[in-house]
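# A closer look at the structure
Each chain, letter by letter, is given below.
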Amino acid sequence: MTYEWEVREQGPADAAHTVLLLPGGMCSAGSFAELMAEPALAGMRLVAATLPGQAGAPPPDDYSV
């Protein structure tokens, strides 16, 4: 089973901390663009992802766990 995820990454891959940003409601990973551009977060690795079926992303074939 394959899922389509919109993922945006910023910051050094070898950063001491990685932050996973999951938007709520019907927002996409792009809603974190302004936050990800903050100079204070430049040393952190930020990963924003749009969940399948949210904000226009293709829905999964199976919603079960």
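Remember, predicted model here, so these are calculated numbers, not experimental data.

Attention now moves to the environment of Q54. Inspection of the secondary structure puts Q54 in the segment after β3 (45-50). Separated by 30 residues in the primary sequence, Q54 and G24 place their C-alpha atoms 9.0 Å from one another. Q54 has contacts with G25 and M26, leaving out every residue within four places of it along the chain.

What tends to happen in soluble globular proteins is that the nonpolar side chains get buried as a cluster. Ranked by size, the top nonpolar core spans six residues in total: L21, A29, F32, M36, L46 and A48. Sequence-distant contacts of F32, defined by excluding residues within four places in its chain, comprise L21, L22, P23 and A48.

The next thing to look at is the sheet that holds strand β2 (residues 18-21). Pairing is mixed across the open sheet formed by three strands, whose spatial order is β1-β3-β2. The strands lining the two open edges of the sheet, one partner per strand, are β1 (6-10) and β2. Taking the axes of each pair of neighbouring strands and ignoring which way they run, one obtains an average angle of 15° across the sheet. In this sheet, β3 lies alongside β2 in parallel orientation, the contact comprising four bridges. The residue of β3 that forms the bridge with L21 is A48.

Reading the values: the criteria
Note that residues are indexed from 1 along each chain, following the sequence as it is written. Only residues with pLDDT of at least 70 get local features here, since the model is predicted, and only at 80 or more are side-chain atom pairs given and counted; chain-wide, interface and lining totals rely on the full set of residues. Where side-chain values are given, they derive from all heavy atoms of the structure, hydrogens and water being excluded. Note on conventions: DSSP H or I runs of at least 4 residues are helices, E runs of at least 2 residues are strands, and numbering of each starts at the N terminus. Residue contacts are counted whenever heavy atoms from the two residues lie within 4.5 Å of one another. Buried Ala, Val, Leu, Ile, Met, Phe, Trp, Tyr and Cys residues form a nonpolar core when they are joined through side-chain atoms within 4.5 Å. Using a 1.4 Å probe on the protein chains alone, a residue whose accessible area is under 20% of its type maximum counts as buried, one over 50% counts as exposed, and one in between counts as partly exposed. Only strands that DSSP links by at least two bridges are regarded as paired with each other. Here, axes are lines fitted to C-alpha atoms. For helices the fit covers the stretch in contact, and angles between N-to-C directions go from 0 to 180 degrees.

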